[in-house]
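Results of the structural survey
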Amino acid sequence: MKTYILSPHIDDAAFGLTCTISKLISNHVSVDLINCFTITKWTGVFVSKDIEVVSALRKQEDAAFNQYLGSAIKVTNLELLDAPLRNNYIHQFHPFNENELELIEQLKNHLLQQVDGLLFCPLALGNHIDHVLCLEAVIQVYPKIKVVFFEDLPYANRITLDEIKFHVDNLAKRLDAKLNSFISDLDQYTIDKNQAIHLYKSQVDEEICAEIIAHQNALNGERLWGEADNINLLKSLLN
Ligand SMILES: [Zn+2]
């Protein structure tokens with residue numbers, strides 16, 4: 001069984017799933033990382049305003065993360081424009097407009113053609129439009145593809161468990177499915193997630209890294225959501 005991660009931006013997979021990815025790799029499970037909105041000038045700390053400079057730098061940071069995990073991840077960058085370069089806003093506040101509907105179609109086609117295994121998809125906690133587009137594409141191909149959903153970080157650490165559950169319940173209704181939670185725990189886990197996320201130097205400061213690690217420590221791992229069959233499939237890959 002192969003696994004795939006739908007990562008809206010370069011860094012979302014690492015922030016949400018480093019522990020899980022590292023365990024999959026040590027079990028020799030193949031991990032394909034699909035980075036979607038990789039044309040960007042977005043940085044968390046000032047580096048440059050140049051799109052080419054920032055896009056290239058972020059790929060280097062991703063390569064350093066991959067190297068930290070033994071270069072076992074197969075990376076595909078879809079080279080889509082990120083939200084600020086597209087429509088000048090970041091959080092969804094109205095129905096999808098025309099270019100967003102086209103992006104959903106592109107993402108759906110990519111998933112249907114390329115994914116042959118278990119897919120990790122962001123819950124889109126925090127309502128960042130690029131995360132919402134990824135989730136929407138997955139909702140529209142569900143259940144043709146087996147999916148488990150991961151918590152977007154650091155956003156998930158800024159809201160309560162009840163707020164996360166409310167979001168998951170709405171998603172479950174749209175999927176017409178029952179979604180259970182599962183913690184991919186830290187037992188026999190050797191990678192230092194704090195060190196791994198610090199590799200995304202242009203995106204993080206100490207506060208963001210601390211939030212991501214606080215969420216992991218509170219859960220003793222990374223929380224995933226999915227239908228029982230898909231969670232069981234994930235458990236079998238992690239054991
Ligand atoms: Zn993101």
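Whatever comes next refers back to the structure up there.
One structure accompanies this document, and this report is about it. (Residues numbered from 1 in each chain as written. Predicted model: local features only at pLDDT ≥ 70, side-chain atom pairs only at ≥ 80, totals over all residues.)

Quick notes on helix H1 (residues 12–26)
The end-to-end C-alpha separation of H1 is 21 Å, in line with the 21 Å expected for 15 residues at 1.5 Å each. Thr-18 marks where H1 bends most, by close to 80°. Most of H1 sits out of view: 13 of its 15 residues are buried. (Helix = DSSP H or I, 4+ residues; strand = E, 2+ residues; numbered from the N terminus. Expected span 1.5 Å × (residues − 1). Bend = angle between axes of the 7 residues up to and from the residue. Buried ≥ 20, exposed ≤ 12 C-beta atoms within 10 Å, placed from the backbone.)

Let's talk about the pairing of strand S7 (residues 221–226)
Of all six residues that make up S7, five are buried, and the element is covered over most of its length. Relative to S7, strand S5 (residues 146–150) runs antiparallel, the two being bridged by two bridges. Directly across from Phe-150, in S7, lies its bridge partner Leu-224. Pairing between strand S6 (residues 180–185) and S7: six bridges, direction antiparallel. (Pairing = 2+ DSSP bridges.)

Here's the deal with the sheet that holds S5
The sheet built from seven strands is open, its strands ordered S3-S2-S1-S4-S5-S7-S6 with mixed pairing. Looking at which strands have only one partner, the edges of the open sheet turn out to be strand S3 (73–77) and S6. Each strand axis lies, on average, 25° off the axis of its neighbour in the sheet, ignoring direction. With five bridges connecting them, strand S1 (residues 2–7) and strand S2 (residues 31–35) associate as parallel partners. Residue pairing in the sheet places Tyr-4 in a bridge with Asp-32 of S2. (Axes fitted to C-alpha atoms, helices over the stretch in contact; angles between N-to-C directions.)

Considerations on the packing of helix H4 (residues 98–114) against helix H5 (residues 129–141)
The contact between H4 and H5 brings their axes to 9 Å, and the two run at 55°. Judged by the angle between their axes, H4 and H5 are oblique. Two packed elements cross with a definite hand, and for H4 against H5 that hand is right-handed. Contacts between H4 and H5 involve Glu-100, Leu-103, Ile-104, Leu-107, Lys-108, Leu-111 and Leu-112 on the former and, on the latter, Leu-133, Cys-134, Glu-136, Ala-137, Gln-140 and Val-141. Here the residues of the contact of H4 with H5 sort into nine nonpolar, one polar and three charged. (Parallel < 35°, antiparallel > 145°, perpendicular 65-115°, else oblique. Left-handed = near helix turned anticlockwise from the far one by under 90°. Contact = placed C-beta atoms within 7 Å. Nonpolar A, V, L, I, M, F, W, Y, C, P; charged D, E, K, R; others polar.)

Some thoughts on H4
The end-to-end C-alpha distance of H4 is 25 Å, a good match for the 24 Å that 17 residues give at a rise of 1.5 Å each. Those residues of H4 that sit buried are Leu-103, Leu-107 and Leu-111. End-on, the buried residues of H4 take up no more than an arc of 70°, which puts them together on one face. Within H4, the exposed residues directed more than 90 degrees away from the buried face are Glu-98, Leu-101, Glu-102, Glu-105, Asn-109 and Gln-113. Each element contacted by the buried residues of H4 is listed here: H5. (Arc of directions from axis to C-beta.)

A short note on the environment of Ser-71
Within the secondary structure, Ser-71 is located in the loop between helix H2 (51–68) and S3. Residues Ser-71 and Gln-195, spaced 124 residues apart in sequence, show a C-alpha to C-alpha distance of 16 Å.

Considering the nonpolar core
If you look at the biggest cluster of nonpolar residues, it comprises 56 residues, and the most contacted ones within it are Ile-5, Leu-6, Phe-120, Cys-121 and Cys-134. Take this core: its biggest share by element is seven residues, from H5. Here Ile-5 is in contact with Ala-13, Leu-17, Val-31, Leu-33, Ile-34 and Phe-120, once residues within four sequence places are set aside. (Core = buried A, V, L, I, M, F, W, Y, C linked by C-beta atoms within 7 Å.)

Re unusual backbone geometry
With an omega dihedral of 0°, the bond running from Tyr-142 to Pro-143 counts as a cis peptide bond. Note on placement: Pro-143 falls in the loop between H5 and S5. A cis geometry characterises the amide bond from Leu-153 onward to Pro-154, with omega recorded as 10°. Among the structural elements, Pro-154 can be located in the loop between S5 and helix H6 (161–175).

Quick notes on the environment of Met-1
One can find Met-1 in the segment before S1. Spatially, the C-alpha atom of Met-1 lies 9.1 Å from that of Leu-233, the residues being 232 residues apart in sequence. Not counting the four nearest positions on each side in its chain, Met-1 is found in contact with Val-29, Gly-117, Leu-118, Leu-233 and Leu-237.

Geometric descriptors of this kind do not, in isolation, establish any biological role.
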